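So the chains spell out like this:
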Amino acid sequence: MLSPVELRHWMQAHPELAFHERGVTDLLCRELSFLKGLSLLRPLETGLVAVYEKLPGKPFTLFRADLDALPVRDEISGELVAKHVCGHDLHTAILYGLILRTLEEAFRGNILFVFQPAEEAGGGAKKLLDSGVFDSFSVDSAYAMHVSDAFPLGVVASARPTLFSSSQELDLHWRGCQSHITQPEKGRDVWKACVALEQWKTCCLEGKEDGFFLGIGQVEAGTVRNCVPEKAVMRMTARGKTTEILRRGLEKVQQAVREIELEHGVEATLSYGTFYPAVEQNESLARHWMKEFGKQGKAVVCDPVWAAEDFGYFAQRFPAWMFWLGTRLPEEPELGLHHRSFCPSDVIIPLGIHLLSHLSQRDGGVDSLSSSC
């Protein structure tokens, strides 16, 4: 039987990008199929849901781990390669270890172990939920953890009411009229529209005071050096501290674009890519578990982050709580997620299994927490 540490090392040796996690999905299916007490569901081509049910008719606790690696530029070749630099290999190994412990201890309860594809790109959580795989289950609590070297080893850190921000990818296509650069009055310069939007962003959004942020990551325009470009595209990401704040912020962006269109005589088309809702915490679960882990001296309250996480889709549907699990050993530098050298020690795996096992032992649903909080 594959151990959790061996599973992690296999994933590091065979990293797979979003919606291409076939190898690890097949491996999990093979290993888990030997275990009695589980039923396995594969609603998508990649990813897996393992069902453990000992109390028919009672609600389930859901745990989610993510499977995908990230594209990272190789320092030597310069090519993009897949690599686990966000800790998903640890998340998967820990959840796999929780399954082994649950079966070993013959836990009296109901658990859904969710190995989700494509957290990093494409909204794998939404696709999994839209598949209907959870429609026949009553879920009273959903949990996810994310490793981070921003915190010392074993520390549990979380925030409420929101841990991760809401995110929206958007592309803005400008169309003007080409002319020679010495006769700009005969054209309609899309560069001026790009600059106008950047100036608007700097004046109106700098500092993120209102909980909304717009970042311009890529601009493409022009074909030759001596002509005013007739086309341009700005690839952007917007973030909001809540999903509602994101919605209101995007309305401001749309209004600014309309004003720039009129001022510079250009045409604009906005198209929208991947959307992630904010990870908004269930108040009862958050208060209860921060109190419980606080008794052990392991819990710290952290600030919400501007990063996005598609566990927000689970939080929209089920009472949910998500937390950071610290990985930094003494004397280790803080690298941060997605750093090419981010690779925490295997010692975090048994710690993570222990923490998730503690979460799985809760009796009763969210309503039963109210009186204890």
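Our subject is the structure that appears above.
Residues numbered from 1 in each chain as written. Predicted model: local features only at pLDDT ≥ 70, side-chain atom pairs only at ≥ 80, totals over all residues. Heavy atoms only, no water.

1. A look at the packing of helix H7 (residues 283–295) against helix H9 (residues 348–360)
In step 1: Across the interface, H7 lies against H9 with an axial gap of 12 Å and an inter-helix angle of 130°. As far as their axial angle goes, H9 and H7 are oblique. Crossing of H7 against H9: the hand is right-handed. For the pair formed by H7 and H9, the contact residues are Trp289, Glu292 and Phe293 on the first element and Leu355, His358 and Leu359 on the second.
In step 2: Tallied by class, the residues present in the contact of H7 with H9 amount to four nonpolar, one polar and one charged. (Axes fitted to C-alpha atoms, helices over the stretch in contact; angles between N-to-C directions. Helix = DSSP H or I, 4+ residues; strand = E, 2+ residues; numbered from the N terminus. Parallel < 35°, antiparallel > 145°, perpendicular 65-115°, else oblique. Left-handed = near helix turned anticlockwise from the far one by under 90°. Contact = heavy atoms within 4.5 Å. Nonpolar A, V, L, I, M, F, W, Y, C, P; charged D, E, K, R; others polar.)

2. A word on the pattern of salt bridges
For side chains of opposite charge, pairing can occur when their charged atoms come near one another.
In step 1: Tallied over the full model, the rule gives 16 salt bridges.
In step 2: A salt bridge links Glu198 to Lys201; the nearest nitrogen and oxygen atoms lie 3.8 Å apart. Here Glu198 and its partner Lys201 are both found in helix H5 (residues 190–205), three residues apart, which amounts to about one turn of the helix.
In step 3: Its relative accessible area of 12% is what places Lys201 among the buried residues.
In step 4: Put simply, Glu244 and Arg247 hold a salt bridge, and the shortest N to O gap is 2.4 Å. Pair noted here: Glu244 and Arg247 are both in helix H6 (residues 243–264), with a separation of three residues, about one helical turn.
In step 5: Residue class for Glu244 comes out partly exposed when judged on its relative accessible area of 36%.
In step 6: Accessibility expressed as a relative area gives 40% for Arg247, which makes it partly exposed.
In step 7: Here the salt bridges do not stand alone but share partners, grouping Arg64, Asp66, Glu309 and Asp310 into one network. (Salt bridge = Lys/Arg side-chain N within 4 Å of Asp/Glu carboxyl O. Buried < 20%, exposed > 50% of the residue type's maximum accessible area, 1.4 Å probe, protein only.)

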